[in-house]
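Structural overview for review
The lines below spell out each chain.
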Amino acid sequence: DEQASLRTAAHLFFDFCVEEPARHALLFLRTLPGFEPSAGSYRLAQDALAQLADLLDASGAADPAAVDLWMALCTGLATQQISNDPGGRRWADLVDRAVDMYEATQLG
């Protein structure tokens, strides 16, 4: 079902981000002034974003702003985990609540 798919996607993304904080910084933060990804790397990012948009669309969130909101929620939780509780569960334990909140406002 859609709720399970969204939860799975959120947890996979969160775990991917916190698993390697340096990778998270390179992918989601502008830590290197003037850095531009290669065309191949950028294409991979665009493909991943398209898959996310398809998942959200299938769940009933077709608005492009819904994708932006999802990314803000997921990257925000991961960034907080890395910054404020590395190795802990404080922000990881909020992923399901964030998905519930998202579903209530974007799909409800």
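One structure accompanies this document, and this report is about it.

What counts, and where the lines are drawn
- Residues numbered from 1 in each chain as written.
- Predicted model: local features only at pLDDT ≥ 70, side-chain atom pairs only at ≥ 80, totals over all residues.
- Heavy atoms only, no water.
- Core = buried A, V, L, I, M, F, W, Y, C linked by side-chain atoms within 4.5 Å.
- Buried < 20%, exposed > 50% of the residue type's maximum accessible area, 1.4 Å probe, protein only.
- Helix = DSSP H or I, 4+ residues; strand = E, 2+ residues; numbered from the N terminus.
- Contact = heavy atoms within 4.5 Å.
- Salt bridge = Lys/Arg side-chain N within 4 Å of Asp/Glu carboxyl O.
- Expected span 1.5 Å × (residues − 1).
- Arc of directions from axis to C-beta.
- Patch = residues over 30% accessible without salt bridge, like charges linked within 9 Å, V, L, I, M, F, W, Y side chains within 5 Å.
- Areas by Shrake-Rupley, 256 points an atom, 1.4 Å probe, with all protein chains shown as cover.

**A few points about the nonpolar core**
Of all hydrophobic cores here, the largest spans 20 residues; its most connected members are Ala10, Phe14, Leu56, Trp70, Leu77 and Tyr102. Of all the secondary structure elements, the ones that give two or more residues to this core are helix H1 (2-19), helix H3 (39-59), helix H4 (64-84) and helix H5 (95-107). Looking at this core, the element that brings in the most residues is H4, giving six residues. With near-sequence residues (within four places) excluded, Phe14 lies in contact with Leu77, Ala78, Gln81, Trp91, Ala92 and Val95.

**A short note on the pattern of salt bridges**
For the structure shown, the criterion picks out four salt bridges. Note that Arg7 is salt-bridged to Asp96, the shortest N-O span being 2.9 Å. Of the two residues, Arg7 sits in helix H1 while Asp96 sits in helix H5, which places them 89 residues apart along the sequence. Measuring nitrogen to oxygen at the nearest pair gives 2.4 Å for the salt bridge that ties Arg7 to Asp100. Of this pair, Arg7 sits in helix H1 while Asp100 sits in helix H5; the two residues are 93 residues apart in sequence, bridging distant segments of the chain. Judged by relative accessible area, which is 33%, Asp100 ranks as partly exposed.

**Some points on H1**
Side chains that are three or four residues apart share a direction in an α-helix, a result of its 3.6 residues per turn. The end-to-end C-alpha separation of H1 is 25 Å, in line with the 26 Å expected for 18 residues at 1.5 Å each. Turning to H1, its buried residues are Leu6, Ala10, Phe13, Phe14 and Cys17. Considered in projection along H1, the buried side chains sweep an arc of 100° and stay on one side of the axis. Turned more than 90 degrees away from the buried face of H1, the exposed residues are Leu12 and Glu19. In the core, the buried residues of H1 are packed alongside helix H2 (21-28), H3, H4 and H5.

**Comments concerning a nonpolar patch on the surface**
A surface patch of nonpolar side chains, amounting to about 330 Å² of accessible area, comprises Phe16, Leu27, Phe28 and Leu29. Relative to the helices and strands, Phe28 resides in helix H2.

**Side note on the side chain of His24**
Its location among the elements puts His24 in helix H2. Sequence-distant contacts of His24, that is, excluding residues within four places in its chain, are made with Cys17, Leu29, Thr75, Ala78, Thr79 and Ile82.

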